[in-house]
Amino acid sequence: GQTIAVAADDAFSFTYTHILEGWRAAGAALTFFSPLAGEAPDGSADAVFLPGGYPELHAGQLATTRAWAEGLRTRAAAGALIYGECGGYMALGDGLVDADGARHAMAGLLPVTTSFAARRRHLGYRTLTRVAAALTCWPTELRGHEFHYASVVAEGPPLFEARDAADTPVGPMGTAAGTIAGSFAHVIDAA
């Protein structure tokens, strides 16, 4: 993207500085928005990034503060690339089940439902091989890091096949729908 809108607030706070600096060095202009404050991504953005964070702690507020989700839908309809990692991935999905078992509507842009009701830790470095016909502007193989307690209740076709640091397959990860994609992995760099 030439203009990349980045979600930045208490729900979306895990952004690698070197990624943002790399985008700037490549000539991209970055804008920032707060879904928790009811802000939508920049209307001129041709890419939107939702980093990791703690949407599960703010799921009720995200479910009722809908400008961010409407803004994402508007950007998607305009053909913008939208990517969410970890917490951002959960927010792009249909719903998020909190630790008490309550389901909260999220953006509804990916066929994903995640849950904290049955917590399970996922931790480690990952090699991610893109298998979906999405993110073709990215390298086919990436390095990332996975750290979360959420479980996937429902998920569409995989975005990546993942391997751990010992090169052992850990299975499919993430999903994509058109120009919208995401996964639990925090992308660090090309492989």
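*Asks:* Looking at this structure, how should I read a nonpolar patch on the surface?
*Replies:* On the surface, Phe14, Tyr54 and Leu57 cluster together to form a nonpolar patch covering roughly 310 Å² of accessible area. Within the secondary structure layout, Leu57 lies in the loop between β3 (47-50) and α2 (59-64).

*Asks:* Help me out: how do you make sense of the sheet that holds strand β5 (residues 95-97) in this one?
*Replies:* Backbone-to-backbone hydrogen bonds join strands into a sheet, with any given pair of strands oriented parallel or antiparallel. Taking strand neighbours across the sheet as the criterion, the four strands line up as β6-β5-β7-β10 in an open arrangement whose pairing is mixed. Strands at the two margins of the open sheet, each flanked by one partner only, are β6 (103-105) and β10 (151-154). Shown here is a sheet whose adjacent strand axes are inclined to one another by a mean of 25°, direction ignored.

*Asks:* Would you mind showing me how to read the pairing of strand β1 (residues 3-7) here?
*Replies:* A regular strand places its side chains so that they alternate between the two faces of the sheet. The buried fraction of β1 is high, at five of five residues. Residue alternation in β1 divides its side chains into two sets, Thr3, Ala5 and Ala7 and Ile4 and Val6, and both sets are buried. Bridge count for β1 against strand β2 (residues 29-33) is five bridges, and the pairing is parallel. Bridge pairing in β2 places Ile4 opposite Leu30.

Rules used throughout
Residues numbered from 1 in each chain as written. Predicted model: local features only at pLDDT ≥ 70, side-chain atom pairs only at ≥ 80, totals over all residues. Heavy atoms only, no water. Patch = residues over 30% accessible without salt bridge, like charges linked within 9 Å, V, L, I, M, F, W, Y side chains within 5 Å. Areas by Shrake-Rupley, 256 points an atom, 1.4 Å probe, with all protein chains shown as cover. Salt bridge = Lys/Arg side-chain N within 4 Å of Asp/Glu carboxyl O. Helix = DSSP H or I, 4+ residues; strand = E, 2+ residues; numbered from the N terminus. Pairing = 2+ DSSP bridges. Axes fitted to C-alpha atoms, helices over the stretch in contact; angles between N-to-C directions. Buried < 20%, exposed > 50% of the residue type's maximum accessible area, 1.4 Å probe, protein only.

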